[in-house]
Amino acid sequence: MSEQTADGTESVTDGEKRGGFPRFRHTPAGPDFGRFVEAMRRLQDLAVSTNVPDDVLADIATQAEELADRLTPYEVPEGKSPAGSNIQLPGRGSLLMLPWMVEKFDTEGVRSTGVFRRYHLGGNGAAHGGVLPLLFDDVFGMTVHAGGRPISRTGYLHINYRAITPLNTQLVIEGKVDRVEGRKTFVSARLTDLDGKLLADGEALMIELLPGQP
Ligand SMILES: CCCCCCCCCCCCCC(=O)SCCNC(=O)CCNC(=O)[C@H](O)C(C)(C)COP(=O)(O)OP(=O)(O)OC[C@H]1O[C@@H](n2cnc3c(N)ncnc32)[C@H](O)[C@@H]1OP(=O)(O)O
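Description of the structure in this document. It should be emphasised that the depicted structure is a prediction, and the values quoted were computed from it without experimental measurement.

About the thresholds
By convention here, each chain's residues receive numbers from 1 onward along its written sequence. Restriction of local features to residues with pLDDT of at least 70 applies here, the model being predicted, together with a cutoff of 80 or more for giving and counting side-chain atom pairs; totals for whole chains, interfaces and linings are based on all residues. Calculated side-chain values reflect all of the structure's heavy atoms, with hydrogen atoms and water omitted. Paired strands, in this sense, are two strands between which DSSP finds at least two bridges. Under the scheme used here, helices are H or I runs from DSSP no shorter than 4 residues and strands are E runs no shorter than 2 residues, and both carry numbers assigned from the N terminus. Axes here mean lines fitted to C-alpha atoms, for a helix over just the part in contact, with angles spanning 0 to 180 degrees between N-to-C directions. Contact between two residues is taken to exist if any of their heavy atoms lie within 4.5 Å; hydrogens are not considered. Any residue with a heavy atom lying within 4 Å of a molecule or strand is counted as near it. For this analysis, a polar contact is any N or O atom pair within 3.5 Å, provided that within protein one partner can donate a hydrogen and the other can accept it, and provided that sequence-adjacent residues contribute only side-chain to side-chain pairs. Computed with the Shrake-Rupley method and a 1.4 Å probe, the accessible areas treat only the protein chains shown as cover for residues. In this count, Pro and Cys sit with the nonpolar residues alongside Ala, Val, Leu, Ile, Met, Phe, Trp and Tyr, while Asp, Glu, Lys and Arg are called charged and the others, Gly among them, polar.

Attention now moves to the sheet that holds strand β7 (residues 152–161). Consider a sheet: its strands pair through backbone hydrogen bonds, and that pairing is either parallel or antiparallel. Judged by pairing direction, the sheet is antiparallel, and its six strands sit side by side in the order β3-β4-β8-β9-β10-β7 without closing on themselves. Two strands in the sheet have a free side with no partner beyond their single neighbour: β3 (101–106) and β7. Ignoring strand direction, the axes of neighbouring strands in this sheet form an average angle of 15°. Both β3 and strand β4 (residues 109–114) contribute to a ladder of five bridges, which runs antiparallel. Bridging across to β4, methionine 101 finds its partner in threonine 113. Running over the sheet, helix α3 (residues 131–146) touches β3, β4, β7, β8 (171–181), β9 (184–193) and β10 (198–208) and is turned about 130° from β9.

Put into C-alpha cells, the structure is as follows:
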C-alpha cells in the first residue's frame, strides 16, 4: 500500500520493504538532456585540465555564474530530476556517476562499460583511487535492484586495487549477487579492460532497510 504525498512522490507502508524511502516515479529525460549532461562533463574535464589566463577566466567565471543562475529556477526535490533514473544515458544521466553505459541489467547481474576521463585523474595518468568505490557502489546498488532485492544500503564496501586503472580506455565492470542471508545481500564485482586484464575487484554487503529506516 502507498500514499501520494504533496510533492508527487509516494510514501510506502511497511509491507513494501522500502524502509523510509519514498517511491519515486521515473522522470523521463527530454531530447536535449543527454547533450546537456555531456556538455557539463566536458566542463568538468576542462575545469581540472586547463590553465586559463586571468583576464579570460574572469569572463568565463561570469558566464558560469550566469549559467547557474539560469538553471536555479528549475531546481526540484530529490527524485524529480531526470538525473539518475535514465538508464539509457551514460551514468543514468547523473553527473555524479561515471559516464558509463549499462549493457546488462537482470537477475544474473549487471554489466557496465565506459572510460574514466580527465576529470577522474588521480596521478600519473591513472584514475583516482576514490573514484573506483563510486563506480563499484553504484554497480552494487544496481545489482541489488536488478536482482529483485529490496531497497538496501551499503553496509561495507571492499575494493582490491589490482593494477593501475587507465584514463580514456574502454573498461568493463560486472557485478553479481553472491548470496542472500535474510536482510543481507552479498555482492561482488570485477573491473577489467577489454582484454580481460583485472584492474580491481570488490565485494560489498547490502542491507535491506527496515520500515522507517532512512
Ligand atoms: C533505472 C533505475 C535503476 C536504479 C538503480 C538504483 C541504483 C542506486 C545505486 C546507489 C547505491 C548506493 C547505496 C549506498 O551507497 S547507501 C549509502 C552508504 N551507506 C550508508 O549510508 C549506510 C549507513 N548505515 C545504516 O544506515 C545502517 O547501518 C544499516 C541500515 C545499513 C544497517 O543498520 P541496522 O541497524 O538496520 O542493521 P544491523 O546493524 O542490525 O545489521 C544487520 C545485519 O548486517 C550486519 N552488518 C551490518 N553492518 C555490517 C558491516 N559493516 N560488516 C558486517 N556485517 C554488518 C549485522 O551484523 C547484522 O547481521 P545479522 O546479525 O543479522 O546476521
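Time to look at the site of the ligand. Taken together, the neighbourhood of the ligand is formed by 18 residues, with Asp137, Thr154, Arg183, Lys184 and Gln213 sitting nearest. Between an oxygen atom of the ligand and a side-chain N or O atom of aspartate 137, the distance comes to 2.5 Å. At a separation of 2.7 Å, an oxygen atom of the ligand approaches a polar side-chain atom of arginine 183. The protein chains hide 51% of the 1,300 Å² of surface that the ligand would expose on its own. Residue contributions to the shell around the ligand peak at five residues, all from α3. Its residues placed into classes, the shell around the ligand shows six nonpolar, six polar and six charged.

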